[in-house]
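If you want the building blocks of each chain, they are given just below.
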Amino acid sequence: MTIRGKAHKLGHHVDTDVIIPARYLVTNDPAELARHCFEDLDPTLRARIRPGDIIVAGENFGQGSSREHAPIAIKALGVPCIVASSFARIFYRNAFNIGLPLVESADAYAGIEDGHEIDVDLSAGRIDDHSTGGTFVSTPIPDFMQRLLDAGGIVGYVHAQRAQRKQ
Amino acid sequence: MSMTITEKILAAHVDADEVRPGEIIDCRVDFVFANDITAPLAIQEFQKMDIPQVFDPDRVAFVFDHYVPSKDIASAQQCKITRDFVRAHDLPHFYDIGRSGIAHVLLAEEGFVGPGDVFVGADSHTCNQGALGAFATGVGSSDLAAAMALGRLWLRVPETVKYVLRGKLQPWVTGKDLILAIIGRIGVDGARYGAMEFAGEALAHLSMDERFSITNMAVEAGAKNGIMEPDDVTLAWFRPRARRSSAMYRSDPDANYADVRDIDASALETVVSVPSSPGNVVPVREVAGVKVDQCFIGTCTNGRIEDLRMAATVLAGRKVHAETRLLVIPATPRIYRQALEEGLIQIFLDAGGAISTSTCGPCIGGHMGVLAEGEVCVSTSSRNFIGRMGHRQSQVYLSNAGVAAASAVLGRLAHPDEVVRAPVPV
């Protein structure tokens, strides 16, 4: 599956507090959470992100709190996947659990600039930068995480686990 | 096969002779919990799983600690979702306002976690419980829903890095300073996906309160869990509280570590994390003098009785600076009561401090002490990210309770020595 979109380049160690400040964690409504996404990082960023755009970030994206509201808010902005040099572990689990694919590539982060048009091929583990012609390899999505995505996230995975046990 | 304590606990929970780092396992969990922010989302996802009841009502807790007492209608609605679920499912371990405290401190205090457990919470600081010799890790709400449904959770077995803490900490250098110093050295992703195992002579001298502060902040280095082998101090603390049988594990001497790092604990100074990362660690003396608007003593990291005692030592007979405000939030009602009985609350009141019922409140910039634009707070909490405690242009310095108390007295960042060496004003 290939996803094409415009890159929004962020820095290293983007934490869940700036992705969705705790003061907004009084709702589970994805649209409401999206309204405040990245507010403390850059108050103008959210308005510039269009559905289909892709976040490209540095090391340790999503560090900090376990709030699943963070990937929910990003997904609700219409972001189909996130490319980063690396991800913080709870954010990594949460994103796959809600069906938001994450792609790890430090080279892509180094090579892609803000505003570039990029293609992310999830299954091939490849990222193409159409603005420069650059091509980057990403760490393959682990089989287990792929199965989670295929099941539509953790809810589908639990249904499958239970069905398996009944057999 | 030789294994670390983390690997042994995980192996026991998949009924295997061994597990290896990198392996993905389907792991039995001993106990799960969520708080008032993460529970509503977990409940919503749990209901999508079409399962009538949680895997074991005796192994599930809901603890209200973030936005309690409810700060507005929206947060009250969130609490109601959880209350309704608890009542509909007749769940016995529900901690509502008045009986509740900060989950990590409360659940350990109540004996819901012990050595050898796999303990999972929908809160990143769940790693706190590793001080008891448990494998404890934080997850999101959907993971928690799955664990509530199945009594199991998928986990990647983490590589372990061992931190050998030599010597003994100096006065005013606490477990908090020790973990901040480590995070300062390895960075906020220095332990990413891994287990941090703390060992060595320095630990033997530390109480459980200080040990919890250390494992509590393993997540600030990106770790999956922080852990310590149980010893006599652990058992003396845990046994009177135990609700279930426990299992003591120790790492094999030839266990396979990704790295072993020696730290001379006796050489460490009292430190702070300067804005806006827990990894920006400097000796407090280097930044003493920064003007402070608010000092906050509390949270799952440092809201325990020994933290309050340390603060009271500094504050006794003194006043909070006229241009500074002091907030003190005991982590649980039990700690609050003990502080009352020991006369600590009186000291805080006399000093001009505000004392609140147990809540995470100010730590997340949620309520009970939110910062305005440009304000500076010295906080005993664990995170000082941009906007963490309020306005995105407010600033947070992370410290131990002695530093926060001293800074409250002087109205600027200060080492506790600066205050306690001065005579108490008559």
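Since the model is a prediction, treat every value here as computed from it, not as a measurement.

Student: Tell me about the packing of helix 12 (residues 305-315) of chain B against helix 14 (residues 344-351) of chain B, and name the residues and values.
Tutor: Residues and elements named next belong to chain B. Viewed as axis vectors pointing N to C, helix 12 and helix 14 meet at an angle of 45 degrees, and their least axial separation amounts to 9 Å. Considering their axes alone, helix 12 and helix 14 lie oblique with respect to each other. Here the hand of the crossing between helix 12 and helix 14 comes out left-handed. Together, I305, L308, R309, A311, A312 and L315 of helix 12 and L344, I347, F348 and A351 of helix 14 make up the contact between the two elements. Taken together, the residues that form the contact of helix 12 with helix 14 break down as nine nonpolar, no polar and one charged.

Student: Describe the packing of aromatic side chains, and please don't skip the residues or the numbers.
Tutor: Residue and element names in this part refer to chain B. Here the structure, examined in full by the defined rule, presents 17 aromatic pairs over all chains. A ring pair is formed by F33 and F119, whose centres lie 6.0 Å apart and whose planes are at 35 degrees; its orientation type is tilted. Of this pair, F33 sits in strand 2 (residues 31-35) while F119 sits in strand 5 (residues 118-122), and the two are 86 residues apart along the sequence. There is no split in this pair, since F33 and F119 are both buried. Here the basic side chain of K71 rests over the ring of Y67, its NZ or CZ set 5.2 Å away from the ring centre.

Student: Can you lay out unusual backbone geometry for me, pointing to particular residues and giving the numbers?
Tutor: Note that the residue after V68 of chain B, namely P69 of chain B, is joined by a cis bond; omega there is -15 degrees. Tracing the chain through its elements places P69 of chain B in the loop between strand 3 (60-63) and helix 3 (73-89). Here the amide bond leading from P275 of chain B into S276 of chain B is cis, since omega sits at -5 degrees, within 30 degrees of zero. Positive phi outside glycine occurs at H13 of chain A, with the angle close to 55 degrees. For H13 of chain A, the position within the fold is in the loop between strand 1 (2-9) and helix 1 (16-19). With a phi close to 85 degrees, T299 of chain B is a non-glycine residue in the positive phi region.

Student: An account of the interface of chain B and chain A is requested, with residue identities and associated values reported.
Tutor: Counting residues at the interface gives 52 residues for chain B, matched by 47 residues for chain A. Taking both partners together, chain B and chain A bury about 3900 Å²; carbon and sulfur atoms supply 56% of that area. Linking chain B with chain A are two salt bridges. Two residues, R388 of chain B and D17 of chain A, come together in a salt bridge whose shortest N-O distance is 2.8 Å. There are 20 residue pairs in polar contact (both at pLDDT 80 or more) connecting chain B and chain A. Listed by contribution, the elements that provide at least two residues to the side of chain B that touches chain A are strand 1 (24-28), helix 2 (39-48), helix 3, strand 6 (135-138), helix 5 (141-150) and strand 7 (152-156) of chain B. Sorting elements by how many residues they give to the side of chain B that touches chain A places helix 5 of chain B first, with six residues. Classifying every residue of the side of chain B that touches chain A gives 23 nonpolar, 14 polar and 15 charged.

Student: An account of helix 8 (residues 154-166) of chain A is requested, with residue identities and associated values reported.
Tutor: If you check helix 8 of chain A, its first and last C-alpha atoms are 18 Å apart, about what 13 residues at 1.5 Å a residue would give, namely 18 Å. What helix 8 of chain A keeps buried is the set I154, V155, Y157, V158 and Q161 of chain A. For helix 8 of chain A, the arc enclosing every buried residue in end-on projection is 160 degrees, short of the 170-degree limit, so these residues lie on one face. Each element contacted by the buried residues of helix 8 of chain A is listed here: helix 5 (89-97) and helix 7 (143-150) of chain A together with strand 1, helix 2, helix 5 and strand 7 of chain B.

Student: Explain the state of the cysteines to me, and be specific about the residues and the numbers.
Tutor: Residue and element names in this part refer to chain B. Per the counting criterion, the structure on display carries zero disulfides over all chains. For C27, which is in no disulfide, the shortest distance to another cysteine sulfur is to C127 and amounts to 17 Å. Unpaired in terms of disulfides, C127 finds its nearest cysteine sulfur in C300, a separation of 8.3 Å. Accessibility expressed as a relative area gives 1% for C127, which makes it buried.

Student: Any details on the sheet that holds strand 2 of chain B? Residues and values, ideally.
Tutor: The strands making up a sheet associate through backbone hydrogen bonding, with each pair oriented either parallel or antiparallel. All names here are of chain B. The strand order across the open sheet built from five strands is 4-3-2-5-6, with neighbouring strands paired in parallel fashion. Edge positions in the sheet fall to strand 4 (93-95) and strand 6, since each has one partner strand and no second. When strand polarity is set aside, the average angle formed by the axes of neighbouring strands in this sheet is 15 degrees. Where strand 5 and strand 6 come together, four bridges link them in parallel fashion. Along strand 6, the bridge assignment pairs V120 with T137. Strand contacts of helix 5: strand 2, strand 3 and strand 5, with the helix running at about 140 degrees to strand 2, the strand carrying the most contacts.

Student: Give me the sheet that holds strand 9 (residues 195-199) of chain B: which residues, what numbers.
Tutor: Residues and elements named next belong to chain B. The strand order across the open sheet formed by four strands is 10-9-8-11, and the pairing between neighbours is parallel. The open sheet is flanked by strand 10 (225-228) and strand 11 (259-264), the only strands paired with a single partner. Put simply, the sheet's adjacent strands are angled 25 degrees from each other on average, direction ignored. Bridging between strand 8 (residues 160-166) and strand 9 involves five bridges; their strand directions are parallel. Paired with T160 across the strands is A195, a residue of strand 9. In this fold helix 6 (residues 175-186) packs onto strand 8, strand 9 and strand 11, with an angle of close to 130 degrees to the strand it touches most, strand 9. Across the sheet, helix 8 (residues 208-216) is in contact with strand 9 and strand 10; its angle to strand 10 comes to roughly 150 degrees.

What counts as what
Once a new chain begins, its residue numbering starts again from 1 and follows that chain's sequence as written. Just so you know, chain letters begin at A and ligand numbers begin at 1, following the order they were written in. In view of the model being predicted, local features appear only for residues whose pLDDT reaches at least 70, and side-chain atom pairs are presented and counted only at 80 or more, with totals across whole chains, interfaces and linings using the full set of residues. Hydrogens and water molecules were not included; the side-chain quantities draw on all heavy atoms of the structure. To get an axis, a line is fitted to the C-alpha atoms, and for a helix only the part in contact is used. The angle between two axes follows their N-to-C directions and goes from 0 to 180 degrees. Working definition: helices are DSSP H or I runs of at least four residues, strands are E runs of at least two. Numbering for both runs from the N terminus. Any angle that falls under 35 degrees is termed roughly parallel, while one over 145 is termed roughly antiparallel, one within 65 to 115 roughly perpendicular, and all others oblique. Left-handed describes a crossing whose near helix is turned anticlockwise from the far helix through less than a right angle; right-handed describes the clockwise counterpart. Note on contacts: a residue pair qualifies if any of its non-hydrogen atoms lie within 4.5 Å across the two residues. Each residue gets one of three labels, nonpolar for Ala, Val, Leu, Ile, Met, Phe, Trp, Tyr, Cys and Pro, charged for Asp, Glu, Lys and Arg, and polar for the others, Gly among them. Two aromatic rings from Phe, Tyr or Trp, using only the six-membered ring of Trp, form a pair when their centres are within 6.5 Å; if the ring planes differ by under 30 degrees the pair is stacked, by over 60 it is edge-to-face, and anything between is tilted. Each residue gets one of three labels from its accessible area relative to the maximum for its type: buried under 20%, exposed over 50%, partly exposed in between, using a 1.4 Å probe on protein chains only. Placement of a positive charge over a ring is assigned whenever Lys NZ or Arg CZ falls within 6 Å of the ring centre and within 35 degrees of the normal to the ring plane. In this description, buried area is defined as the sum, over both parts, of the accessible area (probe of 1.4 Å) that is lost when the two are combined. The working definition used for a salt bridge is a side-chain nitrogen of Lys or Arg within 4 Å of a carboxyl oxygen of Asp or Glu. Residues adjacent in sequence count toward polar contacts only when both atoms are side-chain atoms; beyond that, a polar contact is any pair of N or O atoms within 3.5 Å, and within protein one must be able to donate a hydrogen and the other to accept it. Any helix carries an expected span of 1.5 Å times its number of residues minus one. Working definition: the arc comes from the directions between the helix axis and the C-beta atoms, pointing outward to the latter. A pair of sulfur atoms, both from cysteines and within 2.5 Å, is called a disulfide here. Any two strands between which DSSP finds at least two bridges are classified as paired.

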